[in-house]
Structure formats: C-alpha cells, structure tokens
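# Chain and residue survey
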Amino acid sequence: MKTRSKSLTMAAIVALIFGALTVFSGGRALFGGAEAAAAVGNAVGFVLWFNFLAGFAYMLAGIGLFLQHRPAVWISVAIFVSTALVGLSFGYHVLQGGAYEMRTVGAMILRTGVWAAISVVAARHIAKARAA
C-alpha cells in the first residue's frame with residue numbers, strides 16, 4: 001500500500017473541487033442563456049471556453065493525484081503551462097484594447113498560481129513515492 005502525504009491529498013482535493021466549480025460556473029456562463037451571459041459581462045470567449053474545458057482536466061488530475069499515478073504530474077504541469085499561455089494571450093487581448101472583466105485578471109492569476117503549486121506538490125511526492 002502506498003503512503004500518501006497530506007499535501008498530495010490536499011492537492012488532489014483542491015484539484016477536484018476547483019475542477020467541479022470550474023465546470024459548473026463555466027457551463028452556466030456558456031450554456032445558461034441570456035441571463036447567465038449578462039451576468040458574466042465582458043467575458044473573453046477563448047478564456048471562458050478554455051477554463052470550462054480545463055475544469056475536466058482539473059478533475060482528471062485530481063483523481064490521478066489521489067491515486068498517485070505518475071501521469072497526474074504531467075497533467076498538472078500541462079494545466080499549469082496551458083493556463084499560463086492562455087493568461088498571456090488574455091493579457092495580449094487586454095493590451096490590444098479588447099473588452100474584459102477585471103475579475104478575469106484575478107481568476108487567471110489564481111488559476112496559474114494554484115496549478116503551479118499543485119504541479120510542484122505532485123512532482124515532489126509522486127516522484128518520491130516512485131523512487132522509494
């Protein structure tokens with residue numbers, strides 16, 4: 001039986017909850033009709049779609065982290081890198097004068113930071129568990 005660190009367990013739980021909330025809120029914004037569209041304001045379409053689809057990857061990573069599967073490390077890193085790249089693209093959109101919501105700035109910073117942390121925890125603990 002594999003021993004699981006508390007930080008890896010917490011990372012898995014955060015990934016699962018973050019993923020479920022992301023899918024729920026993104027799905028509501030994308031498919032919730034006119035009232036939901038009005039509530040999101042000047043949401044940037046490619047960011048909204050990316051975050052919605054990434055929510056499923058968050059949950060996949062969370063399950064993999066909980067099971068201590070090595071591919072979960074790579075999924076976590078891929079989520080981090082792709083989120084950072086979408087964040088940079090979003091920044092370019094903003095600098096070009098595109099409409100946006102300030103909460104998207106905060107959300108992208110939060111998502112990138114969370115996945116950077118999850119990636120580090122995953123790499124440390126899963127690699128250590130495999131080496132033992």
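See the structure shown above.
Because the structure is predicted, anything quoted here is derived from the model rather than measured.

Moving on, we get to the environment of Tyr 100. Looking at where Tyr 100 falls in the secondary structure, it is placed in the loop between helix H4 (71–95) and helix H5 (102–131). With relative accessibility at 31%, the residue Tyr 100 sits in the partly exposed group. Measuring from C-alpha to C-alpha, the distance between Tyr 100 and Gly 27 comes to 19 Å, with 73 residues separating the pair along the chain. With near-sequence residues (within four places) excluded, Tyr 100 lies in contact with Asn 42, Val 44, Phe 90, Val 94 and Val 105.

We now examine the packing of helix H3 (residues 45–67) against H4. Viewed as axis vectors pointing N to C, H3 and H4 meet at an angle of 165 degrees, and their least axial separation amounts to 9 Å. The angle between H3 and H4 places the two elements in the roughly antiparallel class. The chirality of how H3 crosses H4 is left-handed. In this structure, H3 uses Phe 46, Val 47, Phe 50, Ala 57, Tyr 58, Leu 60, Ala 61, Gly 64 and Leu 65 to contact H4, whose residues at the interface are Ala 72, Ile 75, Ser 76, Ile 79, Ser 82, Thr 83, Val 86, Ser 89, Phe 90 and His 93. Among the residues making up the contact of H3 with H4, the classes are represented as 13 nonpolar, six polar and no charged.

A word on the environment of Ile 75. Turning to its location among the elements, Ile 75 is positioned in helix H4. Ile 75 sits 47 residues away from Ala 122 along the chain, and the two C-alpha atoms are 10.0 Å apart. Apart from residues no more than four positions distant in its own chain, Ile 75 is found in contact with Ala 57, Leu 60 and Ala 61.

Membership of the largest hydrophobic core comes to 23 residues, with the highest contact counts inside it found for Val 47, Tyr 58, Leu 65, Trp 115, Ile 118 and Ile 126. Of all elements in the fold, only helix H1 (6–31), H3, H4 and H5 reach the threshold of two or more residues within this core. Filtering out sequence-adjacent residues up to four positions away, Trp 115 remains in contact with Ala 15, Phe 18, Tyr 58, Ala 61, Ser 76, Ile 79 and Phe 80.

Calculation rules
- Residues numbered from 1 in each chain as written.
- Predicted model: local features only at pLDDT ≥ 70, side-chain atom pairs only at ≥ 80, totals over all residues.
- Heavy atoms only, no water.
- Helix = DSSP H or I, 4+ residues; strand = E, 2+ residues; numbered from the N terminus.
- Buried < 20%, exposed > 50% of the residue type's maximum accessible area, 1.4 Å probe, protein only.
- Contact = heavy atoms within 4.5 Å.
- Axes fitted to C-alpha atoms, helices over the stretch in contact; angles between N-to-C directions.
- Parallel < 35°, antiparallel > 145°, perpendicular 65-115°, else oblique.
- Left-handed = near helix turned anticlockwise from the far one by under 90°.
- Nonpolar A, V, L, I, M, F, W, Y, C, P; charged D, E, K, R; others polar.
- Core = buried A, V, L, I, M, F, W, Y, C linked by side-chain atoms within 4.5 Å.

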